[in-house]
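Listed below are the residues making up each chain.
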Amino acid sequence: MKEISALMDYRENVRVVDATLRDGGLVNDFYFTDVFAKALYETNLKAGVDYMEIGYKGDKTMFDKDKFGKWKFCNEDDIFEVFGANNDTGLKLAAMADVGRCDYKNDIVERANSALDLIRVACYVHQIPAAVDMIEDAKKKGYEVSCNIMAVSSAQEGDIKAALDIICKTDVDAIYIVDSFGALYPEQMARVASLYVEYGDKYGKQIGIHAHNNQQLAFANTLECVGDGVNWLDATYNGMGRGAGNCSMENLLGVLRNPKYNIFPVFRFIQDYMVPLKESGVVWGYDLQYLATGLLNQHPRTAIAFTNEKRKDYADFYAELINQD
């Protein structure tokens, strides 16, 4: 009876984060219509999603604003126009700030003047000192802050421990495991999650998971993390995200069994918006080229180029990867 009870239980401290506009924006250069963005927001409200990540705080001197849609930059005026000035719905808004790609001193304004609630600082292990400065800046401005340590599958355990120790001593609210290359298997993810949760428990920080689907394991790895005590869970509608995409929202909400979450609006949004988006020619999701880079623990940039070139010579592509110097 205990086993049955455990299967039917849920954790109240789990938080679901929708990353469709942000990670999905990497597929179509953030050219989402306002109608799409508003409908996604309303769907997240109905579905009970806790956070909605709407895009990046991209440096306008580094990225040409004429080559990207508005959610590459998340200007406050655009946020207010699309999502409203008074976000008191319970659905919190987030934006990502990449170390080295964000003019955070100027483009991240005081929380009192923003519709955003959460700033997600993204960095690699070697960028931790810069990430600390960004975390402290955002906290002083009044935001919740997470730190997303990218490409964890290519980092040494000692470096990860050092990074966690440094980040945990800041006022950061959550620290994310990010399987950027979709290279980890559930048994590996379990060990990584155990390490992160150890530091999270020691310093009183939440731990999150952002998984990519190169080996069709984004959902499995996210589910593994839930069982290991990870509470902040990223997902996207229909798995939309860079390359092979992410853990799908429809899978995640279906398995959590928390009565606050409602999966029916998710199906409706996918039917009305995600299917037409794919039919319009926007491409994302698992394919052999992404499997290849995931298997080899490589950044998917070569697989993305393969996709954009409409190549189908999968075996030749794999041979290219394994014969790289």
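We now turn to the structure provided with this report.

1. Some words on the pairing of strand S8 (residues 232-235)
No. 1: Burial along S8 is two-sided: the face carrying Trp232 and Asp234 and the face carrying Leu233 and Ala235 are both buried.
No. 2: Here four bridges tie strand S1 (residues 15-18) to S8, and the two strands are oriented parallel to one another. From the neighbouring strand, Val17 faces S8, where its bridge partner is Asp234.
No. 3: Here two bridges tie strand S7 (residues 206-211) to S8, and the two strands are oriented parallel to one another. The residue of S8 that forms the bridge with Gly208 is Trp232.

2. Here we look at the sheet that holds strand S5 (residues 144-149)
Working definition: the strands of a sheet are paired by backbone hydrogen bonds and lie parallel or antiparallel to each other.
No. 1: Taken together, the eight strands give a closed barrel; going around it, the order is S1-S2-S3-S4-S5-S6-S7-S8, and neighbouring strands pair in parallel fashion. Taken over all neighbouring pairs, the strand axes of this sheet differ in orientation by 25 degrees on average, direction set aside.
No. 2: Alignment of strand S4 (residues 118-123) against S5, held across six bridges, turns out to be parallel. When the bridges of S5 are listed, Leu118 appears paired with Glu144.
No. 3: Lying over the sheet, helix H4 (residues 34-47) contacts S1, strand S2 (51-56) and strand S3 (92-98), oriented at roughly 155 degrees with respect to S2.

3. A closer look at the packing of helix H14 (residues 301-308) against helix H15 (residues 314-322)
No. 1: Relative orientation of the contacting elements H14 and H15 amounts to 150 degrees, with a least axis distance of 12 Å. Taken together, the axes of H14 and H15 lie roughly antiparallel to each other. The handedness of the crossing between H14 and H15 comes out as right-handed. Contacts between H14 and H15 involve Thr302, Ala303 and Phe306 from the first element and Tyr314, Phe317 and Leu321 from the second.
No. 2: Class assignment for the residues of the contact of H14 with H15 results in five nonpolar, one polar and no charged.

4. Brief notes about the environment of Lys72
No. 1: Relative to the elements of secondary structure, Lys72 occurs in the loop between S2 and helix H5 (76-83).
No. 2: A relative accessible area of 10% places Lys72 in the buried class.
No. 3: The sequence separation of Lys72 and Phe83 amounts to eleven residues, and the corresponding C-alpha distance is 16 Å.
No. 4: Excluding residues within four positions of it along the chain, Lys72 makes contact with Phe30, Tyr56, Lys57, Gly58 and Phe63.

5. Let's talk about helix H7 (residues 128-140)
No. 1: Here H7 is 13 residues long and its end C-alpha atoms lie 18 Å apart, about the 18 Å a rise of 1.5 Å per residue gives.
No. 2: Of the positions making up H7, those classed as buried are Ile128, Ala131, Val132, Met134, Ile135, Asp137 and Ala138.
No. 3: Buried positions along H7 lie against S3, helix H6 (104-107), S4, S5 and helix H8 (157-168).
No. 4: Taken from the residues just after H7, Gly142 is the one with a positive phi, measuring 105 degrees.

6. Details of the pattern of salt bridges
No. 1: Applying the stated rule across the entire model yields 19 salt bridges.
No. 2: In this structure, Asp66 and Lys65 form a salt bridge, with 3.8 Å as the shortest nitrogen-oxygen distance. Residues Asp66 and Lys65 agree in their burial class; the two are exposed.
No. 3: A salt bridge links Glu144 to Lys92; its shortest N-O distance comes to 2.8 Å. Linking Glu144 in strand S5 with Lys92 in strand S3, this pair joins segments that are 52 residues apart in sequence.
No. 4: In this structure Glu144 comes out as buried when scored by relative accessible area, which is 19%.
No. 5: A cluster of three or more residues bridged by salt bridges with shared partners is formed by Arg22, Asp23, Glu53, Arg120 and Asp234.

7. Re the packing of aromatic side chains
No. 1: Applying the stated criterion across every chain yields a total of 13 aromatic pairs.
No. 2: Between Phe32 and Phe36, the aromatic rings sit 4.9 Å apart at their centres with planes inclined by 25 degrees, giving stacked as the arrangement. Neither Phe32 nor Phe36 differs from the other in exposure class; each is buried.
No. 3: Measuring from ring centre to ring centre gives 5.2 Å for Phe36 and Phe269, while their planes differ by 70 degrees; the resulting arrangement is edge-to-face.

Rules used throughout
Residues numbered from 1 in each chain as written. Predicted model: local features only at pLDDT ≥ 70, side-chain atom pairs only at ≥ 80, totals over all residues. Heavy atoms only, no water. Buried < 20%, exposed > 50% of the residue type's maximum accessible area, 1.4 Å probe, protein only. Helix = DSSP H or I, 4+ residues; strand = E, 2+ residues; numbered from the N terminus. Pairing = 2+ DSSP bridges. Axes fitted to C-alpha atoms, helices over the stretch in contact; angles between N-to-C directions. Contact = heavy atoms within 4.5 Å. Parallel < 35°, antiparallel > 145°, perpendicular 65-115°, else oblique. Left-handed = near helix turned anticlockwise from the far one by under 90°. Nonpolar A, V, L, I, M, F, W, Y, C, P; charged D, E, K, R; others polar. Expected span 1.5 Å × (residues − 1). Salt bridge = Lys/Arg side-chain N within 4 Å of Asp/Glu carboxyl O. Phe/Tyr/Trp six-rings, centres within 6.5 Å; stacked < 30°, edge-to-face > 60°.

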